[in-house]
Amino acid sequence: MKLYAHAYLLTTLLSSTLFTAICTAAQSPTSTSTSTSTSTSTSTSTSTSTSDSGQLSVEYTDDKAFQAAILSVTNTYRKQHNATALKWNQSLADYAEKWSEGCKFEHSGGPSGENLASGHPNASASVIAWGHERVDYDFDKGEFSLETGHFTALVWATTTTVGCSRTPCNDRDGGGAPGVYVVCEYFPPGNVLGQFIDNVRKAVPVAQQVGGASAQGVPEFDEDVKGGKEGAAGRVRVGWVGVCVGVGVGVVLQGVFG
């Protein structure tokens, strides 16, 4: 029994290491995209995160309001796409805080999934910018693309927790993060090659959705599609765990124990 226990532990560790190595090696280059407030593909806009009065949204200035907005909008999209609600993970939020404070609009390269946004008027608008990418996602093919990587990370079915933070950067030190910089970390990470069909699900009718109340400002899928490719002004960048090769522990164990 001890021999099998040690073999199981060793195999699990090797499998985990192999997954991490392949996942890191398979990263697609990150690509900065600019959501536009018009339907033309050539028009770009980066807004500041302040209102007309120059005051930051309460979703940025109050910790509870920020967390509530992130969870409400995120879980509205997940409910619409038949995925269970995410819970807040403070360890992920602490990691996101440290990275956002550097004001560099680039990925941290950490162990979790990661979405970035900057220059949106509030936290809700940042998440909506990621979710709006679903209008370009091909649910039948179920493949990763740089144009839809935020959305697929957002609704990935096997992800269970999220933690986010924000920092008013205003393009400080030329870091490329206008206005308020929002960083969200997801665990377990999504966007794993070969698992898109199972984890990024088609929208379900309102009557079949399970979960709490929907967040204001988040349209149903059909309404989103009818609205076209218009989105909130600001910057977004595809999640760090953009593409990973799925190597599960079970596959390795099957080879060892037959």
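For clarity, every value in this text was computed on a predicted model and none was experimentally measured. (Residues numbered from 1 in each chain as written. Predicted model: local features only at pLDDT ≥ 70, side-chain atom pairs only at ≥ 80, totals over all residues. Heavy atoms only, no water.)

Draft legend 1. Inspection of the packing of helix α3 (residues 63-80) against helix α5 (residues 123-131) at higher detail. Contact pair α3 / α5: the axes reach a minimum separation of 8 Å and the direction vectors enclose 25°. Judged on the interaxial angle alone, α5 and α3 are roughly parallel. Note that α3 runs across α5; the crossing there is right-handed. Contacts between α3 and α5 involve Phe-66, Ala-69, Ile-70, Val-73, Thr-74 and Tyr-77 from the former and Ala-123, Ser-124, Val-127, Ile-128 and Gly-131 from the latter. For the contact of α3 with α5, the per-class residue count stands at 8 nonpolar, 3 polar and no charged. (Axes fitted to C-alpha atoms, helices over the stretch in contact; angles between N-to-C directions. Helix = DSSP H or I, 4+ residues; strand = E, 2+ residues; numbered from the N terminus. Parallel < 35°, antiparallel > 145°, perpendicular 65-115°, else oblique. Left-handed = near helix turned anticlockwise from the far one by under 90°. Contact = heavy atoms within 4.5 Å. Nonpolar A, V, L, I, M, F, W, Y, C, P; charged D, E, K, R; others polar.)

Draft legend 2. View of the state of the cysteines. With the rule as written, the count across this model stands at 2 disulfides. Residue Cys-103 pairs covalently with Cys-169 via a disulfide, S to S 2.1 Å. Classification of the bridge connecting Cys-103 and Cys-169 rests on its S-S torsion, roughly -85°, and on that basis the disulfide is left-handed. With Cys-103 in the loop between α4 (90-100) and β3 (113-118) and Cys-169 in the loop between β4 (161-168) and β5 (180-187), this pair connects stretches of sequence that are 66 residues apart. Both residues of the pair, Cys-103 and Cys-169, count as buried. (Disulfide = S-S within 2.5 Å. Buried < 20%, exposed > 50% of the residue type's maximum accessible area, 1.4 Å probe, protein only.)

Draft legend 3. Spotlight on α3. Helix length check: α3, at 18 residues, gives a terminal C-alpha distance of 26 Å against a target of 26 Å (1.5 Å per residue), a fit within 8%. Among all positions in α3, only Phe-66, Ala-69, Ile-70, Leu-71, Val-73, Thr-74, Asn-75, Thr-76, Tyr-77, Arg-78, Lys-79 and Gln-80 are buried. For α3, the side-chain oxygen to backbone nitrogen distance between the N-cap and Lys-64 is 3.1 Å, and the N-cap itself is Asp-62. Looking one or two residues beyond α3, the residue adopting positive phi is Asn-82, at roughly 55°. (Expected span 1.5 Å × (residues − 1). Polar contact = N/O pair within 3.5 Å; in protein donor to acceptor, adjacent residues only side chain to side chain.)

Draft legend 4. Focus on unusual backbone geometry. Between Phe-187 and Pro-188 the backbone carries a cis peptide bond, its omega angle lying at -10°. Of note, Cys-103 is a non-glycine position whose phi angle comes to about 60°, a positive value. Under the relative-accessibility criterion, Cys-103 is labelled buried at 1%. Although it is not a glycine, Asn-170 adopts a positive phi angle of roughly 50°. Mapped onto the elements, Asn-170 comes out in the loop between β4 and β5.

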